[in-house]
Amino acid sequence: MGYINFKGNLQKTSRKISRKDTLIYQMMIMPSTVLYILFVVYPFFATVGYSFTDYSNQHLFDYGFVGLDNYIEVLTSSLQLATIGRSLLYAVLMTAFQLLFSIPLAVILTNTRIKGKSILRTAFYFPAVISALIIGYIWSFLFSTSFYGPINNALKAVGLPVINFFGNPDIALYSIVFTQVWQWTGWAMIIISANIASIPTTYFEAARIDGAGPLQQFVRITFPLLHPAISVIVVSSLIGGLKVYDIIVSTTGGGPAGATLTIMGYIINHSIGGGYLGLGSAFSVVFFLVLTVLTVFLMKGLNKWEENVQE
Amino acid sequence: MKKGKEKFARSGAFRISRTKRQIKTWAATAAMFALAVIMLIPIYYIVVSTFKTAQEVTFYPLAFPLEWHFERYITAWKDMHYPRALLNTLLISVPSVCLSTLFSAAASYAIVRCPNRVNRMIYAMFIAGMLIPGNVSLIALYKLMQTLHLNNRLSGLVVLGCNGVSLMSIFMMRNFLSSSVTTEIENAADVDGCGLLRKFFVIVLPLLRPVLTTNMILSLVGVWNDYMSPALFLQDRTKYTLMLEVYQNVGQFSTDWLTMFNMLVLGIAPLTLFFLLLQKQIMTGVAAGAVKG
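This structure is a prediction, so every number in the text was calculated from the model and none was measured.

A. Spotlight on the domain arrangement of chain B. All names here are of chain B. Parsing chain B into structural domains produces domain 1 (2-69) and domain 2 (79-291). Contacts between the two partners involve 10 residues from domain 1, matched on the other side by six residues from domain 2. Taken as a group, Ile-46, Thr-50 and Ala-54 account for 61% of the area that domain 1 buries against domain 2, more than any other trio of residues on that side. The interface formed by domain 1 and domain 2 holds zero salt bridges in total. Counting across the interface, domain 1 meets domain 2 through one residue pair in polar contact (both at pLDDT 80 or more). Secondary structure elements with two or more residues in the side of domain 1 that touches domain 2: helix H2 (18-49) and helix H3 (54-59).

B. The layout of surface pockets, seen in detail. Estimates place the volume of the largest pocket at around 500 Å³. Along the walls of the largest pocket sit 19 residues, with A:Phe101, A:Phe178, A:Val181, A:Trp182 and B:Met39 positioned nearest its centre. Counting only elements with at least two residues in the lining of the largest pocket, the list comes to helix H3 (78-111), helix H5 (132-142) and helix H7 (172-197) of chain A together with H2 of chain B. Element by element, the count of residues in the lining of the largest pocket is highest for H7(A), at six residues. Residue composition of the lining of the largest pocket, grouped by class: 18 nonpolar, one polar and no charged.

C. Representation of the packing of H3(A) against H7(A) within the structure. Residues and elements named next belong to chain A. Contact geometry for H3 and H7: axes closest at 6 Å, N-to-C directions at 40°. Looking at the two axes, H3 sits oblique to H7. Considering only the axes of H3 and H7, their crossing is right-handed. Classifying every residue of the contact of H3 with H7 by side-chain character gives 24 nonpolar, seven polar and one charged.

D. Highlighting the domain arrangement of chain A. If you check the domain split of chain A, you get domain 1 (17-42) and domain 2 (87-274). Relative placement of domain 1 of chain A and domain 2 of chain A: their C-alpha centres are 39 Å apart.

Rules used in this analysis
- Residues numbered from 1 in each chain as written.
- Chains lettered and ligands numbered in written order.
- Predicted model: local features only at pLDDT ≥ 70, side-chain atom pairs only at ≥ 80, totals over all residues.
- Heavy atoms only, no water.
- Domains from an automatic or database assignment.
- Contact = heavy atoms within 4.5 Å.
- Buried area = accessible area lost by both parts, 1.4 Å probe.
- Salt bridge = Lys/Arg side-chain N within 4 Å of Asp/Glu carboxyl O.
- Polar contact = N/O pair within 3.5 Å; in protein donor to acceptor, adjacent residues only side chain to side chain.
- Helix = DSSP H or I, 4+ residues; strand = E, 2+ residues; numbered from the N terminus.
- 1 Å grid on protein atoms, 1.4 Å probe; cavity = no way out; pocket = protein on both sides within 12 Å on 5 of 7 lines; lining within 4 Å.
- Points joined across faces, edges and corners; volume = space filled by probe spheres on them.
- Nonpolar A, V, L, I, M, F, W, Y, C, P; charged D, E, K, R; others polar.
- Axes fitted to C-alpha atoms, helices over the stretch in contact; angles between N-to-C directions.
- Parallel < 35°, antiparallel > 145°, perpendicular 65-115°, else oblique.
- Left-handed = near helix turned anticlockwise from the far one by under 90°.

Printed below as a string of structure tokens:
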């Protein structure tokens, strides 16, 4: 996503387009445009609109303007602010650990002579094909504290205390981060591998002639040139992390005691489920603003990195 | 892992003697395979457990079954209404993947080949939309689906699926179209008197095939695995997708814990098959979609 040409240089066609052809072109662009306006543009502005009203299950048709009341409630509610903070923490941790594990994996699977690389790639990538919902159930069984939970049985066997991974409010969120890092590291690895493969081998040869060791080559050549892949992973995994929902449903359901309640969980369970639509809309707009600020800062940081590399 | 990389990177190995290097290569290979096995143990555990008795699962979690039991698959198959759920999932994912890919291809073609004012404005709107992650507007979307009577309908999810993936596709195809050399072939087609629509379907779409495949694969995995949208917009059990059936049975703990393993495996099975058949395309697609997209 980060690699899109934002300048939008549209190719100039030299010949004139006939009126009939223009009409056909217009027809071709219509389906996407209509769907887009109906399902993306309109809901966004409608949400902004709802956020200034007392729209709720009690006022489904007779809702009225309440000014900034909803926003004041969101910004003074420790529950809602904690939800945003928790989602941010989750997204940052998930992204950081994914990069931490996927970069060495990708380097080993691209730059060394080990055998069976394609089998290894397939194996590491495989969890990414499975739905997050099912991944969550699998780990619920593995982490279970009941008689069959294999991981806790193993802990007991070596004399360690049982850990209630998804039931202990202090560690539940980190346990979920763990399952998602497990699931998505292979995906990140594939993207980084493609990036490493695109680095000209002459760079490494020149570095070797200058006597650079493998570590120096990684620090000086590989890592700085991983900028495109890392941008893609950081942006999509942060945004994906902030939207996390499915994995929460199948591991903790937002509990224990709200310790894993995330933004989407709040919007779906409390705003839609509880019928507080105006308040939920204000919460969504705050979420949108947080996301926008985060994206802008990220883009700035990543662009600066790109400029430094190009110098 | 980092240590392994430093030690075994080919680039650093040229000073070490040949045999030593070979030993290191094999040691690194063994270490990586061990890591892969450890990573996949959770999935192995679930799959192997589906064939075992409760006692075996509890006391020998990783062992092969002494006797293979298939009967719980029959229970799981029935409880999940498997054929119906599979059909519902197909009825949602196949049309939405095909339609969204076709719509995106058509739109990006128009944007690239006919950059007039209207199309430039629409393109700018698409770019601006990247800032709005769909879920922000979920409340309004929820209401809209009810207003349009798309709630509790498979077709409603098709429409949602179409719209959810199309933007990414438009960017990818636009980049592909403006960087590839199709204009010459298209001009030749013009000389031969080939109409615009025919040109699009007969010449441009086949040329776009690599991008189209990538798009279709990525969006299929996304739509297939999605739990949130079907959970929000489908209420009748008869319309449930695979993921909803998994949730209904496993999440609500309405069956015994052993049969749940079989349900999870049945839930994973179709996409796993798809992945094993098309793994090369899927993984190159992921890389291309991310880096070129």
